[in-house]
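Reading the structure
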Amino acid sequence: GWPKGEIYVLPIAGWEMFSRRFSANAAPTAGLTAGYRRYEHFAFEASALWQGLAFNDGLEELSLNGVELTGRVLYYPWGGHSGPYLAALGGALRLGGTGRPPEGTVTYGLLGYGAGADLYVASSVALRGEMLHLLYTDVVPLGAVSSVGMASGLRTGLGLKFAF
């Protein structure tokens with residue numbers, strides 16, 4: 001079985017690769033997730049992540065720090081304490097400084113989905129691995145001010161979950 005009413009924190013680190021529209025190749029991510037798993041098949045999480053972004057239009061490079069805040073719902077299809085899950089999330093990525101060129105945007109909405117697994121190595125400690133596909137709204141590619149659309153990212157992450 002699994003403990004009903006599990007509260008947990010999860011330090012996590014990862015790497016995100018972006019689509020060409022975002023004009024950033026890849027970025028490291030690190031942060032903290034807090035969660036609550038009341039039911040065997042569902043968990044709810046809030047996450048805050050830092051991203052070190054380097055934008056490049058071929059002529060110049062701009063490095064910015066980003067903070068991503070998301071709410072997540074996890075579905076564990078087989079239930080149980082350890083095992084795989086499907087994730088859905090929504091939130092925002094906020095960039096520091098004057099924002100991302102060319103338009104200086106500082107906040108992007110995001111939606112995402114993915115899968116992962118929790119593997120308990122002790123009664124209250126689990127290893128977590130996940131892969132997420134993220135969709136960012138209203139992104140303008142560098143050098144193409146009139147082209148607004150969605151951009152995507154593929155993130156992998158590893159973390160250590162501590163349950164209470």
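In this convention, every chain numbers its residues from 1, walking through the sequence in written order. Two thresholds apply to this predicted model, a pLDDT of at least 70 for residue-level local features and 80 or more for giving and counting side-chain atom pairs, whereas whole-chain, interface and lining totals are computed over all residues. To get the side-chain values, all heavy atoms of the structure are used, and hydrogens and water are removed first.

Looking at the sheet that holds strand β8 (residues 149–163)
The condition is simple: One bridge is not enough; two strands pair if DSSP finds at least two bridges between them. Secondary structure elements follow DSSP: runs of H or I of four or more residues count as helices, runs of E of two or more count as strands, with numbering from the N terminus. Structural elements are reduced to axes, namely lines fitted to C-alpha atoms, with helices fitted over the stretch in contact, and the angle between N-to-C directions of any two is expressed from 0 to 180 degrees.
The strand order β1-β2-β3-β4-β5-β6-β7-β8 describes a closed barrel built from eight strands, whose pairing is antiparallel. Within the sheet, the average angular offset between the axes of one strand and its neighbour, ignoring direction, is 25°. Examined bridge by bridge, strand β1 (residues 6–18) and strand β2 (residues 26–37) share twelve bridges and lie antiparallel to one another. Each residue of the ladder has a partner; that of Glu 6, found in β2, is Arg 37.

Some details on the side chain of Arg 37
So the rule is basically this: Whether a residue is buried, partly exposed or exposed follows from its accessible area with a 1.4 Å probe, protein chains only, as a fraction of its type maximum: under 20%, in between, or over 50%, in that order. In this charge count, Lys and Arg are treated as positive and Asp and Glu as negative; neither His nor the chain ends contribute. Take a side-chain nitrogen of Lys or Arg and a carboxyl oxygen of Asp or Glu: if they are within 4 Å of each other, that pair is a salt bridge. Contacts described as polar in this section are N or O atom pairs within 3.5 Å, which, within protein, must combine one atom able to donate a hydrogen with one able to accept it, while residues neighboring in sequence count only if both atoms come from side chains.
Relative to the helices and strands, Arg 37 resides in strand β2. Comment: no salt bridge for buried Arg 37; closest opposite-charge side chain is Glu 6, at 5.0 Å. A polar contact is formed between the side chain of Arg 37 and the backbone oxygen of Glu 40, at a distance of 2.3 Å. Only 2.8 Å separates the side chain of Arg 37 from the backbone oxygen of Gly 80, close enough to count as a polar contact.

Quick word on the pairing of strand β3 (residues 42–56)
Sheet topology note: the β2/β3 ladder contains eight bridges and is antiparallel. What sits directly across from Tyr 36, in β3, is Phe 44. Hairpin connection from β2 to β3: four residues lie between these consecutive antiparallel strands. Taken together, the 15 bridges between β3 and strand β4 (residues 61–75) define a ladder with antiparallel strand orientation. Considered in β4, the bridge of Leu 49 is made with Glu 68.

Coordinates in, geometry out; function isn't part of it.
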